[in-house]
Amino acid sequence: MSKGDSNSEPDKDLPPEVASQDPDIVVPNSPPTELLYMLLREPTVTEESGNRLIWPDHISEKALEKMIVYLLENESRGQVFHQYCVCVYVKAISRLYNVSRVSENKSIHRHLANSRKIYEAAAIHALKQLDILAMPSLALIQALLSAGLLMQSLGRANHSWVLTSYAARLIVSLNYHEISDPSQGEEEIKSSLYWCYYVDRTLSALLIRPPSLPNLQVSPTDLVRMDTSVPYTPLIRIIIDLAQIQDQLLDISLNGKHRSPSQVLVHCQGLQERMCIIHNNLQAGRDSIPELIMSDWVSVDFCYYAILVEILRTRLRYAPSPLTHRECLSYARSSLKAFQYLQKHVNELDCAPYPFFLTWTMFMYPLSPFFVLICNIIGTLDKDDYHLIRNITQGLAQFTESPYVAKMLSLLASLQQLCEPLLHTVDSQDAPPPQGRRWYPSVTATSEPETSVPTHNATAYGTENMSVSSSAAAVGAPTELWMQGQYPAEVTPSTEGMMWQLFNSQLSLGLFESDYMAFGAG
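The shown structure was predicted, so the numbers you read here are calculated from the model rather than taken from an experiment. Along each chain, numbering runs from 1 in the same order as the chain's sequence is written. The predicted origin of the model limits local features to residues at a pLDDT of at least 70 and limits the giving and counting of side-chain atom pairs to 80 or more, whereas totals for whole chains, interfaces and linings rest on all residues. Processing note: side-chain calculations cover all non-hydrogen atoms of the structure and skip hydrogens and water entirely.

How should the overall build of the protein chain be read in this particular structure?
Numbering goes from the N terminus for both helices and strands, where a helix is a DSSP run of H or I of at least four residues and a strand is a run of E of at least two. On a plain count of helices and strands, the protein chain comes out with 16 helices and zero strands. Burial classes follow relative accessibility: with a 1.4 Å probe on protein chains only, a residue under 20% of its type's maximum area counts as buried, one over 50% as exposed, and anything between as partly exposed. Sorting the 522 residues of the protein chain into buried and exposed places 56% on the buried side. Within the protein chain, counting contacts between residues at least 6 apart in sequence, those at least 24 apart form 79% of the total. When the accessible area of the protein chain is evaluated, it comes to approximately 22,400 Å², of which 53% is carbon and sulfur surface. Contacts between residues were defined by any pair of non-hydrogen atoms, one from each residue, lying within 4.5 Å. Reported accessibility uses the Shrake-Rupley method at a 1.4 Å probe radius. Residues are deemed covered only where the shown protein chains occlude them.

Written out as structure tokens, the structure reads:
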């Protein structure tokens, strides 16, 4: 493989975001000295709570300083050099993003975007020099995790999943996964462990693949070091809690056929109760969050409600229920309204080639809220849901410079277009639409008994109160009570099954990567 000198051309198989837009990118021989200085911790007078705008990933400031010293003092180009280069360049990309959030100068943003492309190309170039057969080490684990986070930020879910899987195997080979006391052990090992858990479980659930990292002896959330000077610490704990929920959902997807419906429903009930605790943690202290990083909390709102949709879709597969369906629909709206909020409040200067919030929302979590709303539009001709979907697709249209966003938009726009003729027909008629055939499963005597599932209001983005009377969905209720409203006559027996499949669909951008179709999810 090429060692990459200052006159070499960029690798042809770099991700399109890096290679296709600027063929003149020059990969430096090593991280520039000024870049290394930039990454060192800035001096502060006091350690005030929540005053440091840094994302606490798997590489601490102490570990980063160690890497910087090595790169400044060593001329060798061995494996440690390439491992540290990957980590440093990915850290630099994160730092550039934070700088872009506080600057309103268009010229500055343009130069930051150009530097980001160079750092992305340099990180990928260094990644290609890694020898995965080298002796397992913490530095190699850190490099693989950094590379996985980079690929995930580029929309390369499959690449991210594979790199994280390699890191998980190395963690197991060194027995780092056997930590039994969160208060003991090196912070670098613990942070690598919980970050590996987070990415492994989240992407495995998204792609419906068995996780690579074994179950831990302690809760991964307890491995997170509490740092009051970093406002992101509570959010990190929340997304790791959510990853544990996704792990349980993935287990149902992979092994649910070996369990009885009642067992699955009890499991889902427990997951919803845990989600209520997570919701309380997500709301705690929200008013004290700096405005500059509010969008990061809203991004987690999108993910939180998308996971709730997954829980309720699982319940519906095992036991149809009018109440569960209405809750599922309401959570889907909450998720997409959070996404709409992000679109409206995005920093227009930081959109090259797409806004950063896509990285932690649609690039990493299920698109199921879209499918749920599309089915509701077809089934009930809900204009508000249609306008919500349309506004989101229109907002994404400005970021099609990224081929992955373009492919995702193509899918969502196609689904939206399926609904347009139905709504146009209704608009052209004075009479209400004729009653059509149902596409959803029938409620039977063996359907899910209504339980006191904990619910909470989701009013942050104008979403309705989700508490409903249990009498509206009693056991054995007529199928006509499943959904209230009119149905288009175009829903025929041949499309009923297709709509149910759409309702239960789970897709990610990773499935659109032609070079990784062999990894396609089920």
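It is not clear to me how helix α11 (residues 294–318) should be interpreted in this structure. Could you clarify?
Because each turn of an α-helix spans 3.6 residues, side chains separated by three or four positions end up pointing in the same direction. Here α11 is 25 residues long and its end C-alpha atoms lie 37 Å apart, about the 36 Å a rise of 1.5 Å per residue gives. Burial analysis of α11 places 22 of its 25 residues in the buried class, the great majority of the element. In this analysis, the expected span of each helix is defined as 1.5 Å times one less than the number of residues it contains.

What exactly am I supposed to notice about helix α3 (residues 61–73) here?
An ideal rise of 1.5 Å per residue puts 18 Å on 13 residues; α3 measures up with 18 Å between its terminal C-alpha atoms. For α3, the elements touching its buried residues are α2 (33–39), α4 (79–102), α6 (138–153) and α8 (187–207).

When you look at the environment of G379 in this model, what are you seeing that I'm missing?
Looking at the secondary structure, you find G379 in helix α13 (residues 368–380). Take G379: its relative accessible area is 0%, and that puts it in the buried class.

How should the packing of helix α12 (residues 322–344) against helix α14 (residues 383–396) be read in this particular structure?
Think of two packed helices as two axes; the pair is described by the angle between the axes and how far apart they sit. Between N-to-C directions, angles cover 0 to 180 degrees, with each direction set by a line fitted to C-alpha atoms, over the stretch in contact for helices. Interhelical geometry of α12 versus α14 gives an angle of 35° and a closest axis separation of 10 Å. Our pair here, α12 against α14, has a crossing hand that is left-handed. Together, L329, R333, L336, K337, F339, Q340 and Q343 of α12 and D385, L388, I389, N391, I392, G395 and L396 of α14 make up the contact between the two elements. Asp, Glu, Lys and Arg are counted as charged, while Ala, Val, Leu, Ile, Met, Phe, Trp, Tyr, Cys and Pro are counted as nonpolar; the rest, among them Gly, fall into the polar class. Residues of the contact of α12 with α14, tallied by class, amount to seven nonpolar, four polar and three charged. Note on convention: the crossing is left-handed when the near helix lies turned anticlockwise from the far helix by less than a right angle, right-handed when the turn is clockwise.

How do you make sense of the packing of aromatic side chains when you look at a structure like this?
The geometry of an aromatic ring pair is captured by two quantities: the separation of the ring centres and the angle between the planes. Aromatic pairing here means that ring centres of Phe, Tyr or Trp (its six-membered ring) are within 6.5 Å. Orientation follows from the plane angle: under 30 degrees is stacked, over 60 is edge-to-face, and everything else is tilted. Applying the stated criterion to the full structure yields 15 aromatic pairs. Measuring from centroid to centroid gives 5.2 Å for Y354 and F363, while their planes differ by 75°, and the two rings are edge-to-face. Since its relative accessible area comes to 7%, Y354 is described here as buried. F363 gets classed as buried once you look at its relative accessible area, which sits at 2%. The ring of F81 carries R77 above its face, with NZ or CZ at 4.3 Å from the centroid. To sit over a ring, a charge needs its Lys NZ or Arg CZ within 6 Å of the ring centre and within 35 degrees of the ring normal. Against the face of W161 rests R209, its NZ or CZ located 4.7 Å from the ring centre.

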